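Given next are the chains, with one letter for each unit.
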Amino acid sequence: MKMKKWLALVLAAVLALGLVACSNGGGDDKGSGDAKKGEISVFYYTFSDTYISSVRTSLDKLLEGKNFNDYDANGNQTTQTEQVSTAIAKGSKMLIVNVVDTGSNDAAQNIVDQAKAADIPVIFFNRSVDESVISSYDKCAFVGTDYEMAGHMQGEMIGKYINENFKAVDLNGDGKISYVMFKGQEGNMEAIARTQFGVEDCDKVLVENGREKLTFYDPANTKGYLVDQNGLWSTSAATDYMNTVLAKHSEANKNMVELVIANNDDMALGAISALQSAGYNNGSGTTIPVFGVDATDAAKEAIAKKQMVGTIKQDAEGMAKVIATMAMNFVDGKDKFDGVDAKNVVGTWRVNIPYETYTGEK
């Protein structure tokens, strides 16, 4: 009997040691308790988006040494939803989500409901999520921008540039500027605001200076924009569209597009590629003014080469820093906004990263 009791005690001790070893997990998880177990799961709507790639690079560096994993939905909401479910089933301790579908609340709400059921914090970022969705769970937050501000800033920048360079921009001398607008995605709040205010605020500057409002190049298109049908805000979509536009619109026909407004830099660069094939924006000769949003490295290079006029800086590194700070706050049981600049905090649900105008002057 004594031998049996001794063996039982030994087995119990071994089992206890095994449980302690398991509780420490991988990465740099420390301490005990469910909040410290599992990976930090980061979900991107697509790895191919240049701006999102910049956020990912910065966030990966900030999470270096942590137990984290990146997921690429490749623009497919069904894929992302399945990735979230799988990560939760594996024991994820934190969800960071760049949601694919922003056309309705359904996708984001589904993710929140899954996180809430598992008692896992979730941070959405960059692509807009409605306040009602975020507020439905106390361990949820959003990191983004005041997306209307990007449109306002871009519109004012464009208006000032055209007003100061009107004769050079007005290629056919008709006193009006013909433009094309590239919208990244239907139903996306950032795309909607940039499309609206990029034109409206430009028009306001022009009218204040006694000039005509902008004229969309195609009067048959009552929407006043061209949209990436795949919702990826892509370079290739803008290139294809611009090639089609230039096949019918030229200086020879006196109907040349005189301005390009794009809702992100990838589409702006796609338009530039088509313009260059047509003999424009090559650093000499005629340059069609092109404007974007994001201030990616490629866009900055195009601006430096005088192939592009300006963009609105969306701070990828700044966004990544706030996301990482808030993620660690959730994991460590701190207030979610601890260490975040208070002037950028909106209510109890979101943080806005400020925009800046970029024309190569700084």
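Caption draft 1: Main features of the sheet that holds strand β4 (residues 122–125). Spatially, seven strands are ordered β2-β1-β3-β4-β5-β13-β12 in an open sheet, and the strand pairing comes out mixed. The sheet is open, and its two borders are formed by β2 (68–72) and β12 (345–346), each paired with just one other strand. Taken together, the five bridges between strand β1 (residues 40–44) and β2 define a ladder with parallel strand orientation. In the strand pairing of β2, Phe-43 is matched with Tyr-71. Along the sheet face, helix α2 (residues 50–62) touches β1, β2 and β4 and points at about 165° away from the line of β1. Relative to strand β5 (residues 140–144), helix α12 (residues 316–332) is tilted by about 170°, and along the sheet it contacts β1, β3 (94–97), β4, β5 and β13 (350–352).

Caption draft 2: A look at the layout of surface pockets. If you add up the space inside the largest pocket, you get close to 400 Å³. Along its surface, the largest pocket is lined by 19 residues, and Tyr-161, Asn-165, Lys-306, Met-308 and Val-309 are the ones closest to its centre. Where the lining of the largest pocket is concerned, the elements lending two or more residues are α6 (147–164), α7 (166–169) and α11 (297–304). Here the residues of the lining of the largest pocket sort into 11 nonpolar, six polar and two charged.

Caption draft 3: Representation of the packing of aromatic side chains in the model. Here the structure, examined in full by the defined rule, presents eight aromatic pairs. For the pair Tyr-161 and Phe-291, a centre-to-centre distance of 5.8 Å together with 70° between the ring planes defines the contact as edge-to-face. A residue pair is termed long-range when its members are at least 10 positions apart, and Tyr-161 in helix α6 and Phe-291 in strand β10 (residues 290–291) qualify at 130 residues. According to the relative accessible area criterion, Phe-291 is buried, its value standing at 0%. Members of the aromatic cluster, each reached through a chain of ring pairs, are Tyr-44, Phe-47 and Phe-125. Looking at Arg-56, its charged tip hangs above the ring of Phe-47, at a distance of 3.7 Å from the centre. One Lys or Arg, Lys-300, reaches over the ring of Tyr-358 and ends 5.4 Å from the middle of that ring.

Caption draft 4: Up close: the environment of Val-293. Considering the arrangement of structural elements, one finds Val-293 in the loop between β10 and α11. For the pair Val-293 and Asn-264, spaced 29 residues apart in the sequence, the C-alpha separation amounts to 4.3 Å. Not counting residues within four places of it along the chain, the set of residues in contact with Val-293 comprises Gln-154, Arg-194, Ala-262, Asn-263, Asn-264, Asp-265, Thr-311 and Ile-312.

Caption draft 5: Geometry of the nonpolar core. Among the nonpolar cores identified, the biggest contains 89 residues, and Phe-182, Leu-214 and Met-242 are the most heavily contacted of them. Filtering out sequence-adjacent residues up to four positions away, Leu-214 remains in contact with Ile-162, Ile-177, Tyr-179, Val-199, Cys-202, Asp-203, Leu-206, Leu-259 and Ile-261. Grouped together as the second largest cluster of nonpolar side chains are 23 residues, Tyr-71, Ala-115, Val-122 and Val-133 included.

Caption draft 6: How the structure looks around empty space enclosed by the protein. This model, assessed by the stated rule, comprises one cavity of 30 Å³ or more. Space inside the largest cavity adds up to approximately 140 Å³. Lining the largest cavity are 13 residues, with Asp-49, Asn-126, Arg-194, Trp-233 and Gln-314 positioned closest to its centre. Contributions of two or more residues to the lining of the largest cavity are made by α2 and α8 (189–208). Looking at the lining of the largest cavity, its residues break down into four nonpolar, four polar and five charged.

Definitions and cut-offs
Sequence order as written defines residue numbering, which begins from 1 separately in each chain. In keeping with the model being predicted, local features are shown solely for residues with a pLDDT of at least 70 and side-chain atom pairs are shown and tallied solely at 80 or more, while totals for entire chains, interfaces and linings include all residues. Note that water and hydrogens are dropped before the side-chain values are worked out from all heavy atoms of the structure. For two strands to pair, DSSP has to find at least two bridges joining them. A helix here means a DSSP run of H or I that spans at least four residues, while a strand means a run of E at least two residues long, and both kinds are numbered starting from the N terminus. Note on contacts: a residue pair qualifies if any of its non-hydrogen atoms lie within 4.5 Å across the two residues. Axis definition: a line fitted to C-alpha atoms, limited for helices to the stretch in contact. Angles are taken between N-to-C directions and run from 0 to 180 degrees. Both cavities and pockets are sets of points on a 1 Å grid over the protein atoms alone; in a cavity a 1.4 Å probe fits but cannot get out, in a pocket the set is open with protein on both sides within 12 Å along at least five of seven lines, and lining residues sit with an atom within 4 Å of a point. Grid points are joined across faces, edges and corners, and a volume is the space filled by probe spheres set on the points. Three classes are used, and their members are as follows: Ala, Val, Leu, Ile, Met, Phe, Trp, Tyr, Cys and Pro are nonpolar, Asp, Glu, Lys and Arg are charged, and the others, Gly among them, are polar. Here the aromatic set is Phe, Tyr and Trp, taking the six-membered ring for Trp, and pairing holds for ring centres within 6.5 Å; pairs whose planes are under 30 degrees apart are stacked, those over 60 apart are edge-to-face, and all others are tilted. Throughout, exposure labels follow a simple rule: accessible area from a 1.4 Å probe, protein chains only, divided by the maximum for the residue type, with under 20% read as buried, over 50% as exposed, and the rest as partly exposed. Distance and angle both matter: a charge sits over a ring if NZ of Lys or CZ of Arg is within 6 Å of the ring centre and within 35 degrees of the ring normal. For this analysis, a nonpolar core means a set of buried residues of the types Ala, Val, Leu, Ile, Met, Phe, Trp, Tyr and Cys, connected via side-chain atoms within 4.5 Å.

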